[in-house]
Amino acid sequence: MALLTFKGGVHPPEKKELAEHKEIKVLPLPEKVYIYTTNHIGAPAKILVEPGQKVKTGQKIGEANGFISANIHSSVTGEVVEITKMTNAATGTKNDVIVIQRTGEDEWELIPNHGDYSKKSPQEIVDIVKEAGIVGLGGAMFPSHVKMSIPEGKKAEYLIINAAECEPYITIDHRMMLERSKEIVTGIKIIMHATGVKKAYIGIESNKPDAIEKMKEAVSGEPIEVKVLKTKYPQGAEKQLIYAITKKEVPSGGLPLDVGAIVFNVSTTYAIYEAVEKGKPLVERGITLTGEGVINPGNFIYRIGTLAKDLLDHVGLVEEDKIDRILYGGPMMGIPLPNIELPTFKGNNALTVMTKEVAPDKELFPCIRCSKCVQVCPINLMPYLLKMQVEKREYDKALEYGLMDCIECGSCSYACPAGIELVKTFKTGKKVARALKGRAKK
Amino acid sequence: MKLKVAAAPHLRSKDSVRAVMVDVLIALIPSVIVSTWVFGLRALWIMLYTMVLAEVMELFIMKVLRKQKDFKPDGSASVTGLLLAMNLSLAVNWWQILIGTFAAIVLGKHVYGGLGKNVFNPALVGRVFMLISFPVAMTTWYRPFYYKFDTITTATPLAILKEKGVESLTNWSDYSINLKSLFVGTIPGSIGEVSALALLIGFIYLVVRGRIKIWIPVTYISTVFVIASIFYIIDPTKYASPLFHLFAGGLMLGALFMATDMVTSPMTVKGQVIFGLGLGLITMIIRLFGGYPEGVSFSILIMNALVPLIDIYAKPRIFGTTRGGNK
């Protein structure tokens, strides 16, 4: 059978071998955690605690503030020592952080009313997911309860589980499927129950044959189907994934629901299972600590808010002068850390430590119009042209040529033989275009 | 620890513009060998001489005039030089080549701002400049394999067709011309245009390496074939066969290596198809009705000028928009 895919994309070195055979280990509890009030897309959570207050693991310490927002919970049992501001690598801005010093082993505060999902109404499930502060763990950090609340007049027909894991290096979703397949399937059934969706698909790239086998076994007898995707980047981009599986295109500027789809990442599905069945708020998640700069790469469960430094202590780093950069996420879309004294947040699925050897500076040449960027763009943009328009500040033209449709996957920059940083220009261009639009409205 | 904060993606392909240029040069090696075999060492010297001249001029412009002290040659000047040499007759002399190379590198490339910014194929700018300036030398053709003795000048197959009509091709006393000689390249003509076979081998190399805008040669050659076939079917006593048109003159060199010049050709598949169709049409209009025997150079230069328009017209439908393009 031909593998499902989309048009365009690139095939960077996979580098999965560093961690894909390492079983998930639960890391020891951190001494201190730093929890951002902005651990999601949308409004920061309203802080519910103050310095000096004792908190339990799972206790709500910040409350969703608005429709698109999410609760935050203490990830250890201890005492709030400080509320301060720290740079959030995901947003690039300074955000409030609640600092909690651990005082002992876990004392859990679970979500009330959890338990067997099949006896609950859809609304009750959505409420539990909201209470648990679950957000998209693939990296987007969009509040899950919002996604599960289907607006009136819309209907969700398919649930798509994003298990593509197309970013190089990252293997946590792969391991989750191998080691927690039953729980993931329960999570899928919970989402189907809550949203009224009748059919679910799990999209897995062909480079994970063991996970494909395992998930096929786990879904037998359920209205859930495993779909094998071509191994290609960005196969896990939401619009590309939906297209590969359903051959439907999410309209420009639209949402998956516009073609009847909702998409959840594997790890999010697992978190939903834990919240609904076990009553656990989102205080821990899986992560891949990997890269050539890591001595013992592997997959781990860690407490949200652990400093990057503390996580990396568990795997060890090579000599400092060999390390080039450390990323939250993988090499294609990962966010580089200015230093390792920064806390992790809910969307962290990987820390990739790249050495100078694998991330050398690329020699710059002028664009020779080779058309590689046009060939690889999964959105069918003309990156070379867009770049010229943005640089000449012709924003009207750039918008007409699809600037806002760019999914920032980085395929164009990856493929460019001239070493031009195309996607960087588009990210800046989008910010400026948005600001200009905002000004025009005023 | 000193960490680098650079923009994503943090992995880049190992590809480079220099590697692209090197691949083009590698793809031209079979043609260089055949040209040397057919026309002798003089052909090889001309090719090397033009390449060196082109690189020296480029270095001078970049380092002295543009003051880019750290400029390292990217190979594009060598490609231009070699392609220009392949488009020349053996009869040109050293100073004519010097002027032609100057036209190619300076007028064809650097007046526009250098690599990537030129509108016209620089090698063809050089060639046409020489064709106009030194018409006699540029249209004096040497017989193949006569390099060991006194060279004897002759006409190219296309020139014979133009001057003497199609019947002269069948009983051409001057030199045996048949499909095999056209294909292998044992015919009079420009240094690098003679062997379709050698050019095709290089083309396949570029296809395998993913280095070529493949739709340009495909549509260009098909268009020429179709138009030539139509005329041949109408009156085979007046018009040459479509296969003759494919392998005679500079069509193969033009379609495979000149029209596909990345800088001066469209970026999208749709654009490349339009470009190829236009090339085929103009080439055949010139060949069939023009006063000049062959139209490849002119058709490419004319279509080069249209590339910015083609690129905009042929922009692909953005994912998630309707076919009309509205959102």
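Rules and cut-offs
Residues numbered from 1 in each chain as written. Chains lettered and ligands numbered in written order. Predicted model: local features only at pLDDT ≥ 70, side-chain atom pairs only at ≥ 80, totals over all residues. Heavy atoms only, no water. Pairing = 2+ DSSP bridges. Helix = DSSP H or I, 4+ residues; strand = E, 2+ residues; numbered from the N terminus. Axes fitted to C-alpha atoms, helices over the stretch in contact; angles between N-to-C directions. Contact = heavy atoms within 4.5 Å. Salt bridge = Lys/Arg side-chain N within 4 Å of Asp/Glu carboxyl O. Buried < 20%, exposed > 50% of the residue type's maximum accessible area, 1.4 Å probe, protein only. Polar contact = N/O pair within 3.5 Å; in protein donor to acceptor, adjacent residues only side chain to side chain. Phe/Tyr/Trp six-rings, centres within 6.5 Å; stacked < 30°, edge-to-face > 60°. Lys NZ or Arg CZ within 6 Å of the ring centre and 35° of its normal. pLDDT = per-residue confidence, 0-100. Buried area = accessible area lost by both parts, 1.4 Å probe. Nonpolar A, V, L, I, M, F, W, Y, C, P; charged D, E, K, R; others polar.

### Concerning the sheet that holds strand S11 (residues 224-229) of chain A
Residues and elements named next belong to chain A. Within the open sheet, the four strands sit side by side as S11-S10-S9-S12. Their pairing is parallel. Every interior strand has two partners, whereas the edge strands, S11 and strand S12 (261-265), have only one. Each neighbouring strand pair of the sheet contributes to a mean axis angle of 25°, computed without reference to strand direction. Against the sheet, helix H6 (residues 238-246) makes contact with strand S9 (158-163), strand S10 (199-205), S11 and S12, and its axis sits at roughly 120° relative to S9, the strand it touches most.

### A word on the pattern of salt bridges
Inspection of every chain in the model, using the stated rule, returns 33 salt bridges over all chains. Note that Arg-303 of chain A is salt-bridged to Glu-284 of chain A, the shortest N-O span being 3.1 Å. With Arg-303 of chain A in strand S14 (residues 298-303) and Glu-284 of chain A in strand S13 (residues 284-290), this pair connects stretches of sequence that are 19 residues apart. Here Arg-303 of chain A falls in the buried class, since its relative accessible area comes to 10%. According to the relative accessible area criterion, Glu-284 of chain A is buried, its value standing at 16%. Glu-363 of chain A is the salt-bridge partner of Arg-18 of chain B, the closest N and O atoms lying 3.0 Å from each other. Of this pair, Arg-18 of chain B sits in helix H1 (residues 17-39) while Glu-363 of chain A sits in the loop between strand S17 (350-355) and helix H9 (372-376), on two different chains. Because the salt bridges share partners, they merge into one network encompassing Asp-106, Glu-274, Lys-280, Glu-284 and Arg-303 of chain A.

### Comments concerning the environment of Cys-370 of chain A
Tracing the sequence through the fold places Cys-370 of chain A in the loop between S17 and H9. In sequence terms Cys-370 of chain A and Ile-161 of chain A are 209 residues apart; their C-alpha atoms lie 36 Å from each other. Apart from the residues lying within four places of it in its own chain, the contact partners of Cys-370 of chain A are Gln-375 and Pro-417 of chain A together with Lys-213, Met-262 and Met-267 of chain B.

### Quick look at the side chain of Lys-60 of chain A
Residues and elements named next belong to chain A. Checked against the element boundaries, Lys-60 lands in strand S5 (residues 60-63). Within the structure, Lys-60 has its side chain in polar contact with the side chain of Glu-63 (distance 3.4 Å). Of the polar contacts made by the side chain of Lys-60, one reaches the side chain of Glu-131; its length is 2.9 Å. Discounting residues that sit within four places of it in the chain, Lys-60 has contacts with Leu-48, Asn-71, Ile-72, His-73 and Glu-131.

### Regarding the environment of Ala-123 of chain B
All names here are of chain B. Assignment of secondary structure puts Ala-123 in helix H5 (residues 122-133). Overall, the relative accessible area of 1% leaves Ala-123 in the buried class. Between the alpha carbons of Ala-123 and Asn-87 there is a distance of 8.2 Å; along the sequence they are 36 residues apart. Not counting residues within four places of it along the chain, the set of residues in contact with Ala-123 comprises Thr-80, Leu-83, Leu-84, Ala-104 and Met-258.

### A word on the packing of aromatic side chains
On inspection of all chains with the given rule, the structure shows nine aromatic pairs over all chains. Note on Phe-231 of chain B and Tyr-239 of chain B: the rings are 5.0 Å apart at their centroids and 65° apart in plane angle, and the pair reads as edge-to-face. Here Tyr-239 of chain B falls in the buried class, since its relative accessible area comes to 16%. Through a chain of ring-to-ring contacts, the aromatic side chains of Tyr-36, Tyr-328 and Phe-345 of chain A assemble into a single cluster. The ring of Phe-264 of chain A has Lys-147 of chain A sitting right over it, with the charged end atom 5.1 Å from the ring centre.

### Let's talk about the confidence of the model for chain B
For chain B, the mean per-residue pLDDT works out to 89, and 93% of the residues sit at or above 70. Across the assembled chains, the prediction reports ipTM 0.89 with pTM 0.91.

### Examining the interface of chain A and chain B
Contacts between chain A and chain B engage 68 residues on the former and 43 residues on the latter. Taken over both partners, the interface formed by chain A and chain B buries close to 4,700 Å², and the fraction arising from carbon and sulfur atoms is 60%. In terms of surface lost to chain B, no three residues of chain A exceed Phe-365, Ile-368 and Arg-369 of chain A, which account for 16% of the buried area on that side. In this structure, the connection of chain A to chain B is made through five salt bridges. Between Glu-421 of chain A and Arg-12 of chain B there is a salt bridge whose closest N-O contact spans 3.1 Å. At the boundary of chain A with chain B, the tally comes to 23 residue pairs in polar contact (both at pLDDT 80 or more). Secondary structure elements with two or more residues in the side of chain A that touches chain B: H6, strand S15 (323-328), H9, helix H11 (395-400), helix H12 (411-415) and helix H13 (422-441) of chain A. Of all the elements, S15 of chain A adds the most residues to the side of chain A that touches chain B, at five residues. In terms of residue class, the side of chain A that touches chain B is made up of 42 nonpolar, 11 polar and 15 charged.

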